[in-house]
Amino acid sequence: AAARFLRNEADLLGRIMGQGRTEGLVALLDTALGIDTPCLKYEYIPGGDLTGLVPRWQKEAPGRRAVLALDVVARLAATLARLHALS
């Protein structure tokens, strides 16, 4: 089931990446779907991930946390808009 899911994701990302680089989307570099633990290899982007933001935001005032969260949501929405504009 995992290999089937990853194969579908790799196919979708391949079609997206075939239309050019999309800001906000990490490039898929390689796939290993025919092994016991199938996986996808993505480009490494330093700086952490979304789950790492939550503990850092806990140190901020509630109003500041809201501003930070809205910024992330706006950036994600912009990336999705670019993806939906592709053919």
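Read on for a plain summary of the structure. (Residues numbered from 1 in each chain as written. Predicted model: local features only at pLDDT ≥ 70, side-chain atom pairs only at ≥ 80, totals over all residues. Heavy atoms only, no water.)

## A short note on the side chain of threonine 22
- Summarising the element assignment, threonine 22 is placed in the loop between α1 (2-17) and β1 (28-32).
- Ignoring sequence-local partners within four residues, the contact set of threonine 22 consists of Ile16, Arg82, Leu83 and Leu86. (Helix = DSSP H or I, 4+ residues; strand = E, 2+ residues; numbered from the N terminus. Contact = heavy atoms within 4.5 Å.)

## Comments concerning the pattern of salt bridges
- Going through the model one piece at a time under the given rule, you end up with 3 salt bridges.
- Across the pair aspartate 11 and arginine 15 runs a salt bridge, and its minimum N-O distance is 3.6 Å. A residue pair is termed a helical-turn pair when its members lie 3 or 4 positions apart in one helix, as aspartate 11 and arginine 15 do in helix α1 at 4 residues.
- Residues glutamate 43 and arginine 21 are paired through a salt bridge, measuring 2.8 Å at the closest nitrogen-oxygen approach. With glutamate 43 in the loop between β2 (39-42) and α2 (50-57) and arginine 21 in the loop between α1 and β1, this pair connects stretches of sequence that are 22 residues apart. (Salt bridge = Lys/Arg side-chain N within 4 Å of Asp/Glu carboxyl O.)

## So, the pairing of β2
- Looking at chain direction, β1 and β2 are connected through 4 bridges and run antiparallel. Its bridge partner being in β2, alanine 32 is matched across the sheet by cysteine 39.
- Between the end of β1 and the start of β2, which pair antiparallel, lie 6 residues. (Pairing = 2+ DSSP bridges.)

## Some points on the environment of glycine 34
- Here glycine 34 lies in the loop between β1 and β2.
- Each C-alpha atom of the pair glycine 34 and proline 55 lies 37 Å from the other, and the pair is 21 residues apart in sequence.

## Brief notes about the environment of leucine 13
- Along the chain, the position of leucine 13 falls in helix α1.
- Along the sequence, leucine 13 and leucine 25 sit 12 residues apart, while their C-alpha atoms lie 9.4 Å from each other.
- Residue contacts for leucine 13: discarding those within four places in its chain leaves Leu25, Leu28 and Tyr42.

## Quick look at the packing of α2 against helix α3 (residues 62-85)
- Packing of α2 against α3 brings their axes to within 11 Å, and their N-to-C directions diverge by 165 degrees. In terms of axis orientation, α2 runs roughly antiparallel to α3. Considering the relative orientation of α2 and α3, their crossing is right-handed. Residue-level inspection shows Leu50, Leu53 and Trp57 of α2 in contact with α3, the latter providing Arg65, Leu68, Ala69, Val72 and Leu76.
- In terms of residue class, the contact of α2 with α3 is built from 7 nonpolar, no polar and 1 charged. (Axes fitted to C-alpha atoms, helices over the stretch in contact; angles between N-to-C directions. Parallel < 35°, antiparallel > 145°, perpendicular 65-115°, else oblique. Left-handed = near helix turned anticlockwise from the far one by under 90°. Nonpolar A, V, L, I, M, F, W, Y, C, P; charged D, E, K, R; others polar.)

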